[in-house]
Every structure is written in C-alpha cells, then in structure tokens.
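Architecture and fold: a report
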Amino acid sequence: VAGAAGADLDALLAGARAGRPRDIGRLVSLVENGSSELPDLLGSLGPLTGHANVIGVTGPPGVGKSTTTSALVGALRARGDRVAVVAVDPSSPFSGGALLGDRIRMSEHATDPGVFIRSVASRGHLGGLAATTPQVVRVLDAVGFDAVVVETVGVGQSEVEVAASADTTVVLVAPGMGDGVQAAKAGILEVADVLVVNKADLPGADATVRELRQALTHRPKGDWTPPIVRTVASAGTGIDDLVDAIVERRDWLRRTGRLGERRAARSRAELRALVVEAALSRIDDRQLDALAAQVADAELDVYSAVRLLLGD
Ligand SMILES: Nc1nc2c(ncn2[C@@H]2O[C@H](COP(=O)(O)OP(=O)(O)OP(=O)(O)O)[C@@H](O)[C@H]2O)c(=O)[nH]1
Ligand SMILES: [Mg+2]
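Quick summary incoming for the structure in this document. (Residues numbered from 1 in each chain as written. Chains lettered and ligands numbered in written order. Predicted model: local features only at pLDDT ≥ 70, side-chain atom pairs only at ≥ 80, totals over all residues. Heavy atoms only, no water.)

As for the packing of helix α12 (residues 285-296) against helix α13 (residues 302-310)
At a closest axis distance of 10 Å, the pairing of α12 and α13 adopts a crossing angle of 165°. When the interaxial angle is binned, α12 and α13 end up roughly antiparallel. Taken as a pair, α12 and α13 cross one another with a handedness that is right-handed. Together, Q287, L288, L291 and V295 of α12 and V302, A305, L308 and L309 of α13 make up the contact between the two elements. (Axes fitted to C-alpha atoms, helices over the stretch in contact; angles between N-to-C directions. Helix = DSSP H or I, 4+ residues; strand = E, 2+ residues; numbered from the N terminus. Parallel < 35°, antiparallel > 145°, perpendicular 65-115°, else oblique. Left-handed = near helix turned anticlockwise from the far one by under 90°. Contact = heavy atoms within 4.5 Å.)

Here we look at the pattern of salt bridges
Summed over all chains, the structure comprises 11 salt bridges. Between R118 and E32 there is a salt bridge, with its nearest N and O atoms 3.0 Å apart. With R118 in strand β3 (residues 115-121) and E32 in helix α2 (residues 21-32), this residue pair connects regions lying 86 residues apart in the sequence. Here the two residues R118 and E32 agree in accessibility, since each one is buried. In this structure, D112 engages R77 in a salt bridge whose closest nitrogen and oxygen atoms are separated by 2.8 Å. Residue D112 is found in the loop between α5 (98-106) and β3, and its partner R77 is found in helix α4 (residues 65-78); the two are separated by 35 residues along the sequence. According to the relative accessible area criterion, D112 is partly exposed, its value standing at 21%. (Salt bridge = Lys/Arg side-chain N within 4 Å of Asp/Glu carboxyl O. Buried < 20%, exposed > 50% of the residue type's maximum accessible area, 1.4 Å probe, protein only.)

Looking at the environment of G187
Following the sequence through the fold, G187 ends up in the loop between α8 (179-185) and β6 (194-197). Along the backbone, G187 and G154 are 33 residues apart, and their C-alpha atoms lie at a distance of 9.1 Å.

So, in structure tokens, the structure goes:
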C-alpha cells in the first residue's frame, strides 16, 4: 500500500496477520466504518483470501445459534483451527438483549488468542448487512483464520441472504410450535446446506426431524442433500456430528468445483450491494425530495425521476 497512511495500513495488516487481536479489530472497524482507505486495504488483502471455510449459522430468534456457534468454535479449536465469529446484530426488536447473551455464551473463548469474536451492526450503513458482512469476512479470511462463522438471526431477507452467502449455511430449528414448518415458510430451508434440530432434549424433536425431511422433499432437486443433525448445543451433544457434516460439505464443494461457484455468488452479492451503495451515495438528497414531490403529484413518472437522479 502506497503513501504515509499506507505505511500504517501495512503495519496494521502485518500485526493482524501475526494474529494480534487489537490489529484484527482495527482492520474490521475500518471496514465497518466504510473508511476511505478501504479500496487500498481490500486491494492488498485480495490475494491473501480464499483459505477460510466460511460457515453461516442462521435460524429463528432463541433457537440456540449462539450456543451452537460457541460449541462449534470449541470443536474447531480442538482440531487446531483458528476461528473467527461474526455475530450480526440485526438491531431489530426481535433480538433485544441478544448481544449481551451472546457475549456470555461466547465468553469461554474470550481469552483464547486463536478465537476472534466480533459483533457487527447491520443497520446504519447504506448497503446494510449485505455490503458490510462479506467485507468483514474477507478481512478475517485474509488475516489467516481457518474458519469464519457468521451468525445471523433468520428473520429478514437480508439476514437470510448473508447467511446463504457462506460456503456452508447451517440452519437451526428447534422442536415444538411447528418450527420446522415456520422455518420453511420463512424461506430459510431453501438456503440450508446443513439442517440442525437443536434442543433435541425437548419433546417433539422426532416430529421436527420428520417435518424437515418432508419439507426437503419439496426442495428443488440439487445434487447436495442437506443432512439433518440433532444437537443439544447447551450440553455439547451432537456438535461433533455437526462438524463432520460441515467438513463433508466442504470436501464436496471442493470435489465438485462448487466452492468457486459459491464464492462467485458471494462476490456477486457483495458487488451488487456496493453498487447500490455507490448509486445511493451519488444522488442529491434535495433533488430526491423535489422529484419525490413531483412524482407524488403525478407531475413526473417515477422512471423519469430515476433517470434524472442517476443523471442518465
Ligand atoms: N434445552 C435446551 N436449551 C438450549 C439449547 N441450546 C441453547 N439453549 C438455550 O436457549 C436459549 C437461547 O440460546 P441462544 O444460543 O442465545 O439462541 P440464539 O439463537 O443465539 O438467540 P438470538 O441470537 O437471540 O436469536 C438459551 O437460554 C440457551 O441456553 C439446547 O440444546 N437445549
Ligand atoms: Mg444469538
């Protein structure tokens, strides 16, 4: 990276690649804050990426995503992997207090230098979740993590999309209240590469597994059939099976060449989000207000307004 600021960036990058948590944290902050140094930074990071296994963990609120993620981190660490966790805070009323809870559930890893945990706020950026998270993942990949786990609450379309842009998307459901059916409705089954029935200690786990198996038969036929894993994340039960399923999926992605496709899809989503962000940042708010008033009064059609705003 060139220039005086470039020297700082180089030092930061070297520190992060050496595994210094503070430097990794600062790099991630640059991405989150949409720093003007980003293009330089991501340019020099690009060639270093491609190593990490990116694992999305999603599901309805309270299903046990953070507990499962924490257990997964422990199992991956036991295999010698360095692991980063990106917990996406949807800043929605659904997740009140989730971050505090996440911190407690992840605290067993707090002093492990092989584990990096970061919460990312999804609102307040132009491109939101879809623009920020893939770039954070890119940075964590580049600084040398073997696995990056992205936890999102599967409540909104963008949350689901972010989880689905992982190499492997793990969808959690829990027994009771027809959760399997609800998950299917929310569209999160379609993005599942591995299905987990967590809280298998609660009554109704067998029924949930049956519901999911049934729902999977309606899924468009692909060549990967998502395995269904039962876990009691709070007791660590079934986590080894989950790791096995993730490893098997990773091997399959490599063997079939689908890993490249998956990553191209992730880059595409990232690119689209950044283009949207760039377009939005280019339009003039006063012109937007004036044109919106004209459209509301039917003085102007909306497509003409778009052309005027984009200047073409
Ligand atoms: N009985 C039972 N409880 C569990 C299990 N796994 C997690 N829990 C509990 O379920 C509650 C929610 O767990 P979290 O891991 O915070 O769930 P989450 O999906 O991350 O929640 P949000 O991030 O708020 O959407 C906690 O009280 C956990 O202790 C399990 O396997 N069995
Ligand atoms: Mg959580």
